[in-house]
Amino acid sequence: MSKCKGYAATTAGAPLAPYSFERREPREHDVVIEIKYCGICHSDIHQTRDEWSDYQEESIFPMVPGHEIAGVVTAVGNNVTKYKVGDKVGVGCFVDSCRTCAECQRGLEQYCSVQTVWTYNARDKEGAPTYGGYSEKIIVDENYVLRMPTNLPLDACAPLLCAGITLYSPLRHWQAGPGKKVAILGLGGLGHMGVKLAHALGAEVTVLSHSLKKQSDGKRLGADHFYATSDPETFTKLANSFDLVINTVSAKMDWNQYLGLLKVDGTMVVVGLPEKDIPIGAFSLTARRRSLAGSQIGGIRETQEMLDFCSKHGVACDIEVVPIQKVNEAYERVLKSDVRYRFVIDMASLSKD
Ligand SMILES: [Zn+2]
Ligand SMILES: [Zn+2]
């Protein structure tokens with residue numbers, strides 16, 4: 001075992017504070033990664049505050065969150081073939097899975113039917129708790145490590161590992177591309193990546209945001225159209241017009257209203273996670289053979305495809321870099337949607353404690 005410095009919530013809802021813990025010695029297929037940057041995802045806040053207890057078996061404290069991890073390889077196990085010291089690499093929301101079930105075989109490790117080992121707040125196959133990216137290093141099996149773009153700033157690429165793939169996977173699965181009309185509902189950390197990626201894929205992109213406040217930003221990110229959902233006319237004007245609506249909003253809202261924006265055979269994909277159940281009327285779906293679907297991050301193969309796509313198209317996240325000492329402040333600002341569009345922690349700041 002080796003010592004590792006990080007930041008943790010020692011109990012549910014406690015502010016994050018410096019915390020020392022142990023990482024395993026690298027095994028033959030392990031990659032040791034010095035973490036340079038880690039994005040702040042809204043789910044870090046939910047989990048450190050134990051707000052998902054209804055959906056999880058247990059929450060493990062002290063909890064070191066962080067699953068948008070970008071860094072550099074500092075050592076590799078004897079049998080590692082994919083990476084070498086000095087490579088720019090990333091780790092996303094999971095660090096292992098069963099590797100043998102039908103889903104793992106298809107490269108859908110995020111839907112592993114046995115056990116997806118999440119990057120933090122989970123237990124690995126030996127039962128040891130996993131600790132995330134708000135720390136100086138992480139040790140991960142090479143098969144769950146991603147290659148980061150070398151032509152883009154590493155800090156701005158960190159959030160691709162959760163926010164980026166969360167949008168890329170449904171855009172690809174439901175074939176967003178030339179000739180397709182795609183609406184991105186909500187222009188936050190997830191939504192802004194949806195706009196960039198859908199635009200780069202060649203789709204006609206519409207942003208549906210609460211107000212017109214971010215209109216010029218939306219256009220800059222690649223949106224062709226921008227509408228306020230607080231204006232009831234939006235729903236009349238845009239009725240039956242989209243092939244795909246990606247819903248990134250985690251607040252309570254009437255999904256039926258948004259299903260009404262889909263044309264025949266259109267699909268609304270839910271990627272935001274409202275806390276309460278939302279009722280759906282059958283007519284919202286039957287009237288135009290519409291579908292309501294959900295999607296959760298992406299597998300390793302597809303995440304690598306997304307990173308390569310971003311490298312080729314020059315797509316990265318709009319970020320605000322913060323030192324780890326400001327993490328609790330950053331959480332409060334995320335809760336107020338006061339960030340454009342993702343916080344990324346500069347992990348070099350850890351040495352200042
Ligand atoms: Zn996330
Ligand atoms: Zn599996």
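Below is a summary of the structure that appears in this document. (Residues numbered from 1 in each chain as written. Chains lettered and ligands numbered in written order. Predicted model: local features only at pLDDT ≥ 70, side-chain atom pairs only at ≥ 80, totals over all residues. Heavy atoms only, no water.)

**Here we look at the overall build of the protein chain**
Part 1: Broken down by element type, the protein chain carries 11 helices and 17 strands.
Part 2: For the protein chain, whose C-alpha radius of gyration is 20 Å, the value lies close to the compact-globule estimate of 20 Å for 353 residues.
Part 3: In terms of overall dimensions, the protein chain has a C-alpha envelope of 60 × 40 × 40 Å along the principal axes.
Part 4: Burial status across the protein chain gives 56% buried among its 353 residues.
Part 5: Of the contacts formed within the protein chain by residues at least 6 apart in sequence, a portion of 67% connects residues at least 24 apart. (Helix = DSSP H or I, 4+ residues; strand = E, 2+ residues; numbered from the N terminus. Rg over C-alpha atoms; globule rule 2.2 N^0.38 Å. Buried < 20%, exposed > 50% of the residue type's maximum accessible area, 1.4 Å probe, protein only. Contact = heavy atoms within 4.5 Å.)

**Focus: the coordination of the zinc ion (ligand 2)**
Part 1: Looking at the zinc ion (ligand 2), the protein donor atoms are Cys98 (SG), Cys101 (SG), Cys104 (SG) and Cys112 (SG), and they sit 2.3 to 2.4 Å from it.
Part 2: Classification of the site at the zinc ion (ligand 2) rests on its 4 donor atoms, whose angles at the metal span 104 to 116°, yielding the label tetrahedral.
Part 3: Expressed as a motif, the donor residue spacing for the zinc ion (ligand 2) is C-x2-C-x2-C-x7-C. Accessibility assignment for this pair places Cys98 and Cys104 in one class, buried. (Donors = N, O, S within 2.8 Å, 3.2 Å for Na, K, Ca; no water. Tetrahedral: all angles 85-135°; square planar, octahedral: opposite > 155°, others 65-115°.)

**Things to note about the layout of surface pockets**
Part 1: Its boundaries defined by the atoms lining it, the second largest pocket holds a volume of some 480 Å³.
Part 2: Along the wall of the second largest pocket there are 22 residues; nearest its centre are Arg24, Arg27, Asp124, Thr130 and Ile139.
Part 3: With 4 residues, strand 8 (residues 137–141) is the largest single contributor of residues to the lining of the second largest pocket. (1 Å grid on protein atoms, 1.4 Å probe; cavity = no way out; pocket = protein on both sides within 12 Å on 5 of 7 lines; lining within 4 Å. Points joined across faces, edges and corners; volume = space filled by probe spheres on them.)

**Some remarks on the pairing of strand 13 (residues 242–247)**
Part 1: For strand 13, a buried count of 6 out of 6 residues is recorded, marking the element as mostly surrounded by other parts of the structure.
Part 2: Judged from the 4 bridges that link them, strand 10 (residues 181–185) and strand 13 form a sheet pairing that is parallel. Note that in strand 13 the partner of Ile184 across the bridge is Ile246.
Part 3: Note: strand 13 against strand 14 (residues 262–270), 5 bridges, orientation parallel. (Pairing = 2+ DSSP bridges.)

**Some words on the environment of Ser295**
Part 1: Its place among the elements puts Ser295 in the loop between strand 15 (291–294) and helix 10 (300–313).
Part 2: Taking C-alpha positions, Ser295 is 20 Å from Tyr144, a pair spaced 151 residues apart along the chain.
Part 3: Setting aside residues up to four positions removed in sequence, Ser295 forms contacts with Tyr111, Ser169, Pro170, Trp174, Val269, Val270 and Val271.

**Comments concerning the nonpolar core**
Part 1: By size, the foremost hydrophobic cluster in this structure holds 90 residues, and its most contacted members are Ile40, Tyr134, Leu171 and Leu197.
Part 2: Not counting residues within four places of it along the chain, the set of residues in contact with Leu171 comprises Ala176, Val182, Gly194, Leu197, Ala198, Leu201, Leu244 and Ile246.
Part 3: Ranked by size, the runner-up nonpolar core spans 16 residues in total, among them Trp255, Leu259, Leu261 and Ile278. (Core = buried A, V, L, I, M, F, W, Y, C linked by side-chain atoms within 4.5 Å.)

**Remarks on the packing of helix 4 (residues 163–173) against helix 5 (residues 189–200)**
Part 1: Running from amino to carboxyl end, helix 4 crosses helix 5 at an angle of 50°, the nearest separation of the two axes being 8 Å. When the axis of helix 4 is compared with that of helix 5, the two are oblique. Read as a crossing pair, helix 4 and helix 5 show a hand that is right-handed. Contacts between helix 4 and helix 5 involve Ala163, Gly164, Thr166, Leu167, Tyr168 and Leu171 from the former and Gly189, Leu190, Met193, Gly194, Leu197 and Ala198 from the latter.
Part 2: Within the contact of helix 4 with helix 5, the residues separate by chemical class into 8 nonpolar, 4 polar and no charged. (Axes fitted to C-alpha atoms, helices over the stretch in contact; angles between N-to-C directions. Parallel < 35°, antiparallel > 145°, perpendicular 65-115°, else oblique. Left-handed = near helix turned anticlockwise from the far one by under 90°. Nonpolar A, V, L, I, M, F, W, Y, C, P; charged D, E, K, R; others polar.)

**Focus on the sheet that holds strand 14**
Part 1: Read from one edge to the other, the open sheet built from 6 strands follows the order 12-11-10-13-14-15, with strand pairing classed as parallel. Two strands close off the open sheet at either side, each with one partner strand: strand 12 (225–228) and strand 15. Here the average twist between neighbouring strands, direction ignored, is 20°.
Part 2: With respect to the sheet, helix 4 is in contact with strand 10, strand 13 and strand 14, its orientation differing from that of strand 13 by roughly 160°.

**What about empty space enclosed by the protein?**
Part 1: Applying the stated criterion across every chain yields a total of 2 cavities of 30 Å³ or more.
Part 2: Taken as a whole, the largest cavity spans an internal volume of roughly 70 Å³.
Part 3: Along the walls of the largest cavity sit Gly92, Cys93, Phe94, Leu146, Leu161, Ile165, Ile297, Gly298, Ile300 and Thr303, which together make up its complete lining.
Part 4: For the lining of the largest cavity, the residue count by class is 7 nonpolar, 3 polar and no charged.
Part 5: The computed volume of the second largest cavity comes to approximately 40 Å³.
Part 6: Lining the second largest cavity are Ile60, Pro62, Met63, Val64, Asn121, Ala122, Pro129, Thr130 and Tyr131.

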